[in-house]
Number of protein chains: 4
Amino acid sequence: MFFVFKAGIEDADRERLLTELRDQGLRTLAVSGNGARAHALVGATSVLEGLDLDRHPWVEEVIRDAAPYKRASRALHPEDTVVKVGGVPIGGDIFIVIAGPCAVESEAQVEAAAEAVAAAGGRGMRGGAYKPRTSPYSFQGHGALGIELLVAAAGRHALPVVTEILDVADLPHFQNKVGALQIGARNMQNYALLREAGKSGMPVVLKRGLCATLEELLLASEYILNEGNDQVILCERGIRTFETATRNTLDLNGVAWLKHHTHLPVLVDPSHGTGLAELVAPLAKASVAVGADGLLIEVHPQPAEALSDGRQSLTPDGFAQLMRELKPFVEATGRRL
Amino acid sequence: MFFVFKAGIEDADRERLLTELRDQGLRTLAVSGNGARAHALVGATSVLEGLDLDRHPWVEEVIRDAAPYKRASRALHPEDTVVKVGGVPIGGDIFIVIAGPCAVESEAQVEAAAEAVAAAGGRGMRGGAYKPRTSPYSFQGHGALGIELLVAAAGRHALPVVTEILDVADLPHFQNKVGALQIGARNMQNYALLREAGKSGMPVVLKRGLCATLEELLLASEYILNEGNDQVILCERGIRTFETATRNTLDLNGVAWLKHHTHLPVLVDPSHGTGLAELVAPLAKASVAVGADGLLIEVHPQPAEALSDGRQSLTPDGFAQLMRELKPFVEATGRRL
Amino acid sequence: MFFVFKAGIEDADRERLLTELRDQGLRTLAVSGNGARAHALVGATSVLEGLDLDRHPWVEEVIRDAAPYKRASRALHPEDTVVKVGGVPIGGDIFIVIAGPCAVESEAQVEAAAEAVAAAGGRGMRGGAYKPRTSPYSFQGHGALGIELLVAAAGRHALPVVTEILDVADLPHFQNKVGALQIGARNMQNYALLREAGKSGMPVVLKRGLCATLEELLLASEYILNEGNDQVILCERGIRTFETATRNTLDLNGVAWLKHHTHLPVLVDPSHGTGLAELVAPLAKASVAVGADGLLIEVHPQPAEALSDGRQSLTPDGFAQLMRELKPFVEATGRRL
Amino acid sequence: MFFVFKAGIEDADRERLLTELRDQGLRTLAVSGNGARAHALVGATSVLEGLDLDRHPWVEEVIRDAAPYKRASRALHPEDTVVKVGGVPIGGDIFIVIAGPCAVESEAQVEAAAEAVAAAGGRGMRGGAYKPRTSPYSFQGHGALGIELLVAAAGRHALPVVTEILDVADLPHFQNKVGALQIGARNMQNYALLREAGKSGMPVVLKRGLCATLEELLLASEYILNEGNDQVILCERGIRTFETATRNTLDLNGVAWLKHHTHLPVLVDPSHGTGLAELVAPLAKASVAVGADGLLIEVHPQPAEALSDGRQSLTPDGFAQLMRELKPFVEATGRRL
């Protein structure tokens, strides 16, 4: 349940009502709708149903919404949130494409990738320095050095960087360097990491877990928002189903559902979502059409020699062609690329 | 494995080589690539690998393709198949929208629906007369009478009809009346029904089963094709996953994959695929963008009073708006509506 | 909702109340609890809630149960149903093992299998004569001849036969020959086939579909029960999930849930449920322990040469060992083998 | 691939061969088979296939095994590993039942639970002090204080404690207090946490993720084993599927498969695996029969008032009855309770 204070109610009065509500065992959450006047109430249904806030003289509006996510909900925050990643606005009029290699492998590789991304009209760069790998014996990424190489290459082409963090202890290597922290599918419910990402105040790209429901994704984002950090971008990257012809099943239903239920921006990663380079372009177009705010795309100078995920990476030429092909679809949505 | 006879090889010689191959335990399937000169070979891998057809003087080309679907494969039939449903071509330059109610309920209802579909630019009408219902105590449809009502209403607006058949014994009620038989998700592997649909020679819309793999869908189509009926249209209508926020998970990866691996046309049903009227438009646009050849959409004059599936049905106004919104996306694909 | 007439209410009075209920738009279903005095009511919730049957002078008891399956429910039929397959009681004190090859291949093969099954203590024989195959180019079974061979071999060892029917038209080949019709996973929602199986009056083994919910399985059984045939045996045979290490995921939760919610007997097929011969024994024991009424097991004289499913078939020796190993687990449940 | 040095080869010689292998780009892993003489080789298939270790004079045996988990594999370590949790051996002749409440709520609650567990023959106590909750607004557990209460209560009844760790920073609150760290389903691929759990040297109960494959579970265990900690216990707790009648789908196929492929002990948690108290007993029995080494069971003095998971918790009486009912099944496996 949400309620909005009338404009002009004094701070002391507001606090008085909030305390009264807390005394009934409810949690009160400041949410970002209607200036700073909106609050969500979380607690036992029986208590919530017994309240009579609708007639309270200081209350402008009560919105009954049973969804357990509060700060992420559109119910009181109907307008889209725009998150700025290194100056690039995500969630607004521009459809944002962020691209780059799965893993940072070498200086030459990230330079070639950054050049290709910028030349084709990409507005941000992705790339893994700390790599979450299913096996401890697989390449684990170059770590802090990888971030240095990635940030340097991207910087030469004026691209902000989005890259994954696996361990709270590594946070200093990301701060003041990367445009956004990425929290990957495996860590979507690593609450210690979500809280620290929230406290960092940095923009966060939160990827959906392989078998996370949409509600669980929004509740995971709520851990970040609850630390006072509203710079959260969601990302659909495919879920795990019985189908094995594609690496994952990209859930575009989920993207449309998210745009309906939350004000946070939503990206799609068709590279992981399909696992097959030849399917990236059609699913990228579909992501545009379904209403996503942008894309994460894997681009590698030599996909066949990539240390990971080569099968799903586009070449620089393939990426340039994708950007040309996306244009009419982006324009059909009333946005620009 | 496929091979193509050289042009000009005489029938008797062809038959001689085919017999020789059959004597080795292989099955030979005439497929529709390269005129009537192409054949698929099905059988034990060891036998297939031992053949030396590449050097055979009558053989123009050998294509090694491990996929178990043969007649549906693009390997020897690279050009798209166009299926005509009552004169309407599916799989060509025109993006086809077929719409109508979940179930035929009354003469007035189908008339209102047909009028709405035609007015907005739909090119075919859907509607269930024989309804597959999870419970034997739910409304089972009006049967043969339902088909009469549907065909009459659609005919007044020059729309061909697509409607589901559940039982081979009902076939006479469909023949010479409907434009295409629909085989529903529950019957995708009802081989008796697939074979009879094949023998009928009528166009068939074959819907993917709720947990059928893409390969199983193509193999089910192969049962129809194998009866000499190449008028098969595939339809993605959502698969069953762990996600419950939407009724099903529409697998647009699957649509792109199918367009890559088969020459048969592919429709998408975003009404069943999402189960939520408010998500039909974004997923319809995404289906256009991903490369589908058309849509099946549920439209009902009064969704709130529908006997089934009201939650996912568009109103006539909603449908007209959808058609307007689809236009720029269809044009972005180089097709027309 | 269910209600039970008091004992001694006259037929004409009963019919009067039933007609009254039907006039309110409800469907009345005779169910087998409390002699012939129990009825289920199916219809709109609003109508059901408005009834005041509890105080009706002819009514002994009203049971409010929201489950949509009525005749299969334990709510009014708490005692287990025992189904007799060729004289063998399934669902009672004896734990029943039915075994045999995936497909009937030859007279010698079924004779060897029947001998092995009987010698080890199996009480019924399984084997496919009409085979549902994913590809039309795979071996489709020997059909009516296969049934002859199977029934003859099983008969020599006094075993009743359970075998799959795919097509209503084949029913005469099954009648007066086999002990029970099997309806396979692919046809669980082939309603035309379910209805005919119901009308046949023969015992039916109904296998759960690969992605059918437990409620859908019970509703499918309701199609058979609704034709007046209460000789239905359910079978869990594994569902389709993301896990690929095993062929399917055997849902033993589902078996316990079914035993809780229905009075019908439940078998388990660990051969299809695992797809791996080395996992059949542990899962067979687990099926006993979880409360199943019996097993379907694939046994083949030479699994390595089987035309289908060899990887999951036991040898005669392996089957004999399984039967010995099952004994203490069956006894731990208070049953005998 | 694995190889084993002959007995009597000197350390310097061993190191020489290992260095030679590393120089070819391979990783060499000491594994626990055949004394300290066994090693696994991880690296490019082409390099592995080119080796000729079989004829090397210092090498006793080469085992070609393509599985990517090496230290967890049974290939070179056929005998079962027994892990001691506070003196209680898991994986040996005794079937171990560990029970307790979902969350530590109060001193009285854990005391009542500990008493019930010990009285009925449980050999360890479970209970959450740090709770991973889908929503940040749900009860998060009493943290360090919760561990104090749990350890004190369990200690009074001579039960070692298994409890979940969410954050590496909390490790000091677990060390020298609890018998085993639990890593929950949400953190199965939180590699930072796995590595620290490995370094701690404490026994670890690693729960399978909701959509983790069995191979991924073994590879997650490999992160712990790779830190030199071989005290790892796996736990199946249900996977996420389309079925919603039960909270999860308990994958007993997976337990049998794991016992076949790894030497590590395997527990089952039928409380989370079913989500329904009335299904815990049948699935517990099935877990015994399928070959699990023990159980995790939720027991709460007043399930109806539990702060979390009350629907799946047994009462003390229900737990005592379960233990009595398990006995004959445990004995049927040749073990004791």
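Source: prediction; values computed, not measured.

1. Some words on the interface of chain D and chain B
Working step 1: Taken together, the contacts link four residues of chain D with four residues of chain B.
Working step 2: Where chain D touches chain B, the interface holds zero salt bridges.
Working step 3: On inspection of chain D and its partner chain B, the count reaches zero residue pairs in polar contact (both at pLDDT 80 or more).
Working step 4: Residues that form the side of chain D that touches chain B fall into these classes: one nonpolar, two polar and one charged.

2. Let's talk about the pairing of strand β7 (residues 96-100) of chain B
Residues and elements named next belong to chain B.
Working step 1: The buried fraction of β7 is high, at five of five residues.
Working step 2: Burial along β7 is two-sided: I96, I98 and G100 and V97 and A99, pointing in opposite directions, are all buried.
Working step 3: As paired elements, β7 and strand β14 (residues 294-298) share five bridges and run parallel to each other. Counterpart to G100 in the pairing with β14 is E298.
Working step 4: Looking at chain direction, β7 and strand β8 (residues 124-126) are connected through two bridges and run parallel. Opposite A99, over in β8, you have M125 as the bridge partner.
Working step 5: Each parallel crossover has a hand, and the one from β7 via helix α3 (residues 107-120) to β8 is right-handed.

3. Some points on the sheet that holds strand β1 (residues 2-5) of chain A
Residues and elements named next belong to chain A.
Working step 1: Read across the open sheet, the four strands follow the order β2-β3-β1-β4; overall the sheet is antiparallel. In this open sheet, the two strands that pair with only one neighbour each are β2 (27-30) and β4 (59-63). The average angle at which neighbouring strand axes cross in this sheet is 25°, direction not considered.
Working step 2: Here β2 runs beside strand β3 (residues 38-42); their pairing, made up of four bridges, is antiparallel. In the sheet register, A30 faces β3, and the bridge partner there is H39.

4. Remarks on the nonpolar core
Working step 1: L252, I297 and F319 of chain A together with L252, I297 and F319 of chain B are the most contacted members of the largest nonpolar core, which has 154 residues in total.
Working step 2: The leading source of residues in this core is helix α9 (residues 277-290) of chain A, at nine residues.
Working step 3: Core analysis: the second largest hydrophobic core is formed by 152 residues, F174 and L252 of chain C together with A114 and L314 of chain D among them.

Conventions used here
- Position labels on residues start from 1 in each chain and follow its written sequence.
- To read the labels, note that chains go from A and ligands from 1, taken in the order they are written.
- In keeping with the predicted nature of the model, local features appear solely for residues at pLDDT of at least 70, side-chain atom pairs appear and are counted solely at 80 or more, and the whole-chain, interface and lining totals rest on all residues.
- Side-chain numbers here rest on the full set of heavy atoms in the structure, without hydrogens or water.
- Contact definition: two residues touch when any of their heavy atoms are within 4.5 Å.
- A carboxyl oxygen of Asp or Glu within 4 Å of a side-chain nitrogen of Lys or Arg is what we treat as a salt bridge.
- Whenever a nitrogen or oxygen atom comes within 3.5 Å of another N or O atom, the pair is scored as a polar contact, on the condition that within protein one atom can donate a hydrogen and the other can accept it, and that pairs from neighbouring residues in sequence are kept only if both atoms are in side chains.
- Amino acids are sorted into nonpolar (Ala, Val, Leu, Ile, Met, Phe, Trp, Tyr, Cys and Pro), charged (Asp, Glu, Lys and Arg) and polar (every other residue, Gly among them).
- With a 1.4 Å probe rolled over the protein chains alone, any residue whose accessible area is under 20% of its type maximum counts as buried; one over 50% counts as exposed, and the rest are partly exposed.
- Every helix listed is a DSSP run of H or I at least four residues long, and every strand listed is a run of E at least two residues long, numbered separately from the N terminus.
- Should DSSP find at least two bridges between two strands, the strands are regarded as paired.
- Assignment of crossover handedness uses the view with strands pointing away from the viewer, where a clockwise path from the first strand over the helix to the second indicates a right-handed crossover.
- Convention adopted: a line fitted to C-alpha atoms gives each axis, helices being fitted over their contacting stretch, and angles between N-to-C directions are expressed from 0 to 180 degrees.
- In this text, buried Ala, Val, Leu, Ile, Met, Phe, Trp, Tyr and Cys residues form a nonpolar core when linked through side-chain atoms within 4.5 Å.

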